[in-house]
Amino acid sequence: MSPQGTNTDQTAATRFLEEYDGEASVMCNRFMEASWDFNTNVTDFNRRKMLAQQMQWAKFHREKWTEATSFAWKNFTNPTVRRMFSFLTVLGKVALPKAKMEEVRGEEREKKSKKEIQYEEEEKEGKIHT
Ligand SMILES: *[C@@H]1O[C@H](CO)[C@@H](O)[C@H](O)[C@H]1NC(C)=O
Ligand SMILES: *[C@@H]1O[C@H](CO)[C@@H](O)[C@H](O)[C@H]1NC(C)=O
Ligand SMILES: *[C@@H]1O[C@H](CO)[C@@H](O)[C@H](O)[C@H]1NC(C)=O
């Protein structure tokens, strides 16, 4: 489930984690921006931009997974480092931006329903004639 390799260098592993942190948040933000642009402005251009970011994220994740599983992380003494590796080496953790995307979709739905409610109220008050 969570494979490990033979690299026992815990200092290199800690450096890897630090780099991952910074890079992942940049990648994640780009993806979030692209999906936000598409969700609020549905054009072909924005759809392609979003899909491209999605692919970049998947590629990034695959590369980091390969690197993470080259370490003998289960043998590391630092429990914080071990916990982070156990998280990174599980397959199928690409779920992160997907969860964020659901969040964005939820917000969109909320905004839409607020607009609908407002419309219905105005209709009731006779402000809008249908
Ligand atoms: C990790 O620890 C296990 C059990 O203590 C040992 O058998 C294994 O050889 C170690 N792996 C590495 C890469 O040092
Ligand atoms: C919508 O996206 C297009 C690119 O496909 C861009 O040119 C345009 O300015 C955007 N419109 C708004 C309102 O942001
Ligand atoms: C374990 O690693 C974390 C993250 O690199 C670090 O902040 C912490 O001080 C380390 N703990 C120990 C006991 O070395």
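Scoring rules and cut-offs
- Per-chain numbering applies: the sequence of each chain, read as written, is numbered from 1 onward.
- Chains carry letters and ligands carry numbers; both start at the beginning, A for chains and 1 for ligands, and go up in the order they are written.
- Local features are withheld for residues below a pLDDT of 70 in this predicted model, meaning they are given only at 70 or higher, and side-chain atom pairs are given and counted only at 80 or more; totals for whole chains, interfaces and linings count all residues.
- The criterion for a residue being near a molecule or strand is simple: its C-beta atom, placed using the backbone, must lie within 6 Å of it.
- Throughout, the ten residues Ala, Val, Leu, Ile, Met, Phe, Trp, Tyr, Cys and Pro are labelled nonpolar, Asp, Glu, Lys and Arg are labelled charged, and all others, Gly among them, are labelled polar.
- UniProt positions are given in the numbering used here, feature names are shortened, and annotations may be inferred rather than shown by experiment.
- Numbered from the N terminus, helices here are DSSP runs of H or I no shorter than four residues, and strands are runs of E no shorter than two.
- Expected span of a helix: the number of residues minus one, times 1.5 Å.
- With C-beta atoms placed from the backbone, a residue is labelled by how many other C-beta atoms lie within 10 Å of its own: buried for 20 or more, exposed for 12 or fewer, partly exposed between the two.

1. Digging into the site of ligand 3
Line of reasoning, step 1. Lining the immediate environment of ligand 3, one finds Thr14, Asn78, Thr80 and Val81.
Line of reasoning, step 2. Taken together, the residues of the shell around ligand 3 sort by class into one nonpolar, three polar and no charged.

2. Remarks on the site of ligand 2
Line of reasoning, step 1. Around ligand 2, the structure places Asn41, Thr43, Phe45 and Asn46.
Line of reasoning, step 2. By residue class, the composition of the shell around ligand 2 is one nonpolar, three polar and no charged.

3. Topic: the UniProt feature "glycosylation site" (unreviewed entry) in the chain
Line of reasoning, step 1. Residues annotated in UniProt with the feature "glycosylation site" (unreviewed entry) correspond here to Asn41, Asn75 and Asn78.
Line of reasoning, step 2. Structurally, asparagine 75 can be placed in the loop between helix H2 (44-68) and helix H3 (79-88).
Line of reasoning, step 3. Mapping asparagine 78 onto the fold places it in the loop between H2 and H3.

4. Observations concerning helix H1 (residues 10-40)
Residue pairs spaced three or four apart in an α-helix point in one direction, given the helix's 3.6 residues per turn.
Line of reasoning, step 1. Its 31 residues place the ends of H1 44 Å apart at the C-alpha level, agreeing with the 45 Å of an ideal helix rising 1.5 Å per residue.
Line of reasoning, step 2. The set of residues buried in H1 consists of Ala13, Phe16, Phe31, Ala34, Ser35 and Phe38.

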